[in-house]
Amino acid sequence: MSLTASQPAPAPTPTPSRVSIRPARIVLSPTQSYEGLCKLVLRKRMRRIVGLSAAATWILVGLAGRHLREGLAIPLRLFSPHTLLFAALTYTLSIIPILILRKLLLTTHRPPHPRPLERAKQLALAPSTWRVLGLHAASGAAAAVLYAFVIGWAQGEARLGPFGWNKKRGWQFNERFIFLVLLQSVLGLAYGALQLWRDRHLVQFSDDPSTPLAARVQARLRQSVPLTARFALFTVLGTLSTYLLVRRPVYRLIAALSVPSFRPHMYTLLRQNHIWFGIVFRAAALGVALAVAWEVANTLFDIYSVQPIYISKLSSAPNVCLLDGLRSADPYYQHFAWLEFAHVSTDPARRQSIFKDIFNRTPTTTTWYALSREALKRIGRSYRAIADRHAAPPLPSAPTAAAAGTAPAPSSPRDPRVRESQAIFRPSKKSALNNLLTSASSSSISSISSISPSASASPSFAFPTPSSSSTVPALFLSGGTPKKIEHAVEKAVQPAREKVERVEKEVEKEVKGLEQAVVRAVGTTGVEEEVRAVVRDRHVVGQAVLGLARLTSASLTEDAYGLVQRDIPRVLEALVLLLSALEEYAEEVLARTPPPSAQRAQQREAADALDRHVTPLVHATKDALVMVVGTFREYLEGFKFAPRVAKKLQDVVDYL
């Protein structure tokens, strides 16, 4: 028997049939899911942020701990052991906690703030505000303590320790140490408040995801450098003014609030000793170095946290991984997925894999169907948000059966004597004058009714009719305050009322001026906040529009199974409706008529807000429409559209 005859014959390859069992749906493991892969990339980026910010912190705090008299030896002193130790401890206790809190508070949306006062109120009520302020204050205090111990130990003449020795009083609290710690804590509070007001924890994605990293760095530096320079100037001036003006009152307050056993050790703290400008220079240098180190770390985080991630190709099932990212519950990872969706639409190999992925699935669950459905849902939500911007608030819920069917139980009165119903309507006691008038009128009427009609003409029995010359005072006849008294009261109150109205107008004017100053400092207006709230997902919608249009246009030559053909009218209708809603909203914002004095400024603010938030999405939608209509221009007659959509498409065709 030959060797070939002893081997079994190969099993025939099963041919697919309509009744064959399809394989189970692909389920990605946690490490192969889109969020899992994104976390791996973000972890590597965080290591890069830590390395770069650590190097910047080492240089900055190293220079802050040197003295000017060292001259050219300062660069060499950066490598000294105490400088390296001070930089490492400062970065560990003052920079890393800021990065951790920044990562925990990362968000993609925030509620709109039409007015600065409302925004300040919401920040004051938010629990995260106090965590940010407290952490920045603690980080500044930790850096000051490390500076006093490490640099003070290396440079003994600085005398920055927490305690000092006096020949007559014994050990005393060191004024320089207290001033240094308190000042750095206050500067940390100021820097934290500035970050909260600037919405630093809000992720700000770029309108153009294809921008290279160098251009992103330059754009961020153009925003951060002026603000950091102003804060550094504020630090220097604040340090000098605090040391000269506020130092003594603060020391007295500390002595008043301290334990009585500590007060004998505050003699040198409260006495009128000489001014030492060396501590002013050291405190200002440390404050500036710490603020710049914080800004460097935050700027690096801003740059690397929004850089696009194209990671689905590394998964075992790229299309399923991308779809998993589009359906993510976390808006941050979902934004990266939409960026990759737009990027995938430019890759011919990935497009063909999407069009050909029809096996082992039903016709309504193909990859194209799932991706296009997610894109259309995202576009539809944005269109609905723009169309329903003037929707009325929901009506209050109807009362329950118990509340509607039964009357409310009467509340028990405080005085139990008024529970009887006859006591509630008991008439009030009349005055003596009312009793006299009532008795006189009743006796006169009864006497007249007893007289015969013939005797009514006799003058001896005539009843005097009441005239205007009655002896009853007019106050009782009118039943209210006379007009003369009302006029006198009105005349007396008028000057006070005018003064109150004038004060209200002045206060309202001052409040508006303060709000305008805050708006100029922050760079956002009420119009911009409104526009931002209406198109809050403009970055995601723009990527969805472009990705869907590219896939639809490429299907003419790459879709061998004709999956996209039936969805072309739906795609065109979604794009037309979104573009029409955006154009109508832009016209509405510009058509508002503010007062003539503020008309130019208001229109300029509205135009700038539209250019920043609405115009990029309008351009993306127009490009998508031109792309799809230009590709299927010859085949549009075979589709049926609504009159509004057909008119818009005809305008696009005429434009082409």
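Residues numbered from 1 in each chain as written. Predicted model: local features only at pLDDT ≥ 70, side-chain atom pairs only at ≥ 80, totals over all residues. Heavy atoms only, no water.

A tally of regular secondary structure across the chain gives 25 helices and two strands. Of the contacts formed within the chain by residues at least 6 apart in sequence, a portion of 81% connects residues at least 24 apart. Surface exposure of the chain reaches about 39,900 Å², of which carbon and sulfur atoms provide 63%. (Helix = DSSP H or I, 4+ residues; strand = E, 2+ residues; numbered from the N terminus. Contact = heavy atoms within 4.5 Å. Areas by Shrake-Rupley, 256 points an atom, 1.4 Å probe, with all protein chains shown as cover.)

Let us now look at the packing of helix H22 (residues 568-591) against helix H25 (residues 643-655). Packing of H22 against H25 leaves a shortest axis separation of 10 Å and a crossing angle of 85°. Comparing the axis directions of H22 and H25 gives the class roughly perpendicular. Across the interface between the two elements, Leu572, Glu573, Val576, Leu577, Leu579, Ser580, Glu583 and Glu584 from H22 touch Arg644, Val645, Lys648 and Leu649 from H25. Within the contact of H22 with H25, the residues separate by chemical class into six nonpolar, one polar and five charged. (Axes fitted to C-alpha atoms, helices over the stretch in contact; angles between N-to-C directions. Parallel < 35°, antiparallel > 145°, perpendicular 65-115°, else oblique. Nonpolar A, V, L, I, M, F, W, Y, C, P; charged D, E, K, R; others polar.)

Since there are 3.6 residues in each turn of an α-helix, residues three or four apart along the chain are aligned in direction. Taking 1.5 Å per residue, 45 residues should reach 66 Å; helix H8 (residues 213-257) reaches only 53 Å between its end C-alpha atoms and comes up short. Roughly 60° is the biggest bend found in H8, and it falls at valine 246, with proline proline 249 one to four residues downstream. (Expected span 1.5 Å × (residues − 1). Bend = angle between axes of the 7 residues up to and from the residue.)

Here we come to the side chain of serine 555. Mapped onto the elements of the fold, serine 555 is located in helix H21 (residues 538-558). Under the relative-accessibility criterion, serine 555 is labelled buried at 7%. If sequence neighbours within four positions are ignored, serine 555 has contacts with Phe355, Val564 and Phe632. (Buried < 20%, exposed > 50% of the residue type's maximum accessible area, 1.4 Å probe, protein only.)

Taking 1.5 Å of rise per residue, the 23 residues of helix H7 (residues 175-197) would be expected to cover 33 Å, and the 33 Å separating its terminal C-alpha atoms lies within 8% of that figure. Most of H7 sits out of view: 17 of its 23 residues are buried. Positioned one or two residues after H7, aspartate 199 has a phi angle of 55°, which is positive.

What follows is about the packing of aromatic side chains. Enumeration according to the criterion identifies 14 aromatic pairs in this entry. Note on phenylalanine 231 and phenylalanine 234: the rings are 5.8 Å apart at their centroids and 45° apart in plane angle, and the pair reads as tilted. Of the two residues, phenylalanine 231 and phenylalanine 234 are both situated in helix H8; the distance of three residues between them amounts to about one turn of the helix. For phenylalanine 234, a relative accessible area of 45% corresponds to the partly exposed category. For the pair tyrosine 332 and phenylalanine 336, a centre-to-centre distance of 4.9 Å together with 80° between the ring planes defines the contact as edge-to-face. Of the two residues, tyrosine 332 and phenylalanine 336 both sit in helix H12 (residues 331-344), four residues apart, roughly one turn of that helix. One exposure class covers both tyrosine 332 and phenylalanine 336, and it is buried. Positioned above the aromatic ring of tryptophan 197, the side-chain terminus of arginine 119 is 4.7 Å from the ring centre. (Phe/Tyr/Trp six-rings, centres within 6.5 Å; stacked < 30°, edge-to-face > 60°. Lys NZ or Arg CZ within 6 Å of the ring centre and 35° of its normal.)

Moving on, we come to a nonpolar patch on the surface. There is a patch of nonpolar side chains on the surface, built from Leu240, Leu244, Leu245, Val246, Ile275 and Phe277 and spanning about 550 Å² of accessible area. The element that contributes the greatest number of residues to the nonpolar patch is H8, accounting for four residues. If you trace the backbone, leucine 240 turns up in helix H8. (Patch = residues over 30% accessible without salt bridge, like charges linked within 9 Å, V, L, I, M, F, W, Y side chains within 5 Å. Salt bridge = Lys/Arg side-chain N within 4 Å of Asp/Glu carboxyl O.)

A separate point is the pattern of salt bridges. Using the criterion set out here, one finds 13 salt bridges in the structure. Linking lysine 648 and glutamate 583 is a salt bridge whose minimum nitrogen-to-oxygen distance equals 3.0 Å. One end of the pair, lysine 648, is in helix H25; the other, glutamate 583, is in helix H22, and 65 residues separate them in sequence. Its relative accessible area of 19% is what places lysine 648 among the buried residues. The exposure class of glutamate 583 is partly exposed, given its relative accessible area of 24%. Connected through salt bridges with shared partners, the residues Arg102, Arg200, Glu295 and Asp302 form a single ionic network.

Another aspect to go through is the environment of serine 372. Relative to the elements of secondary structure, serine 372 occurs in helix H14 (residues 367-387). Each C-alpha atom of the pair serine 372 and valine 564 lies 9.2 Å from the other, and the pair is 192 residues apart in sequence.

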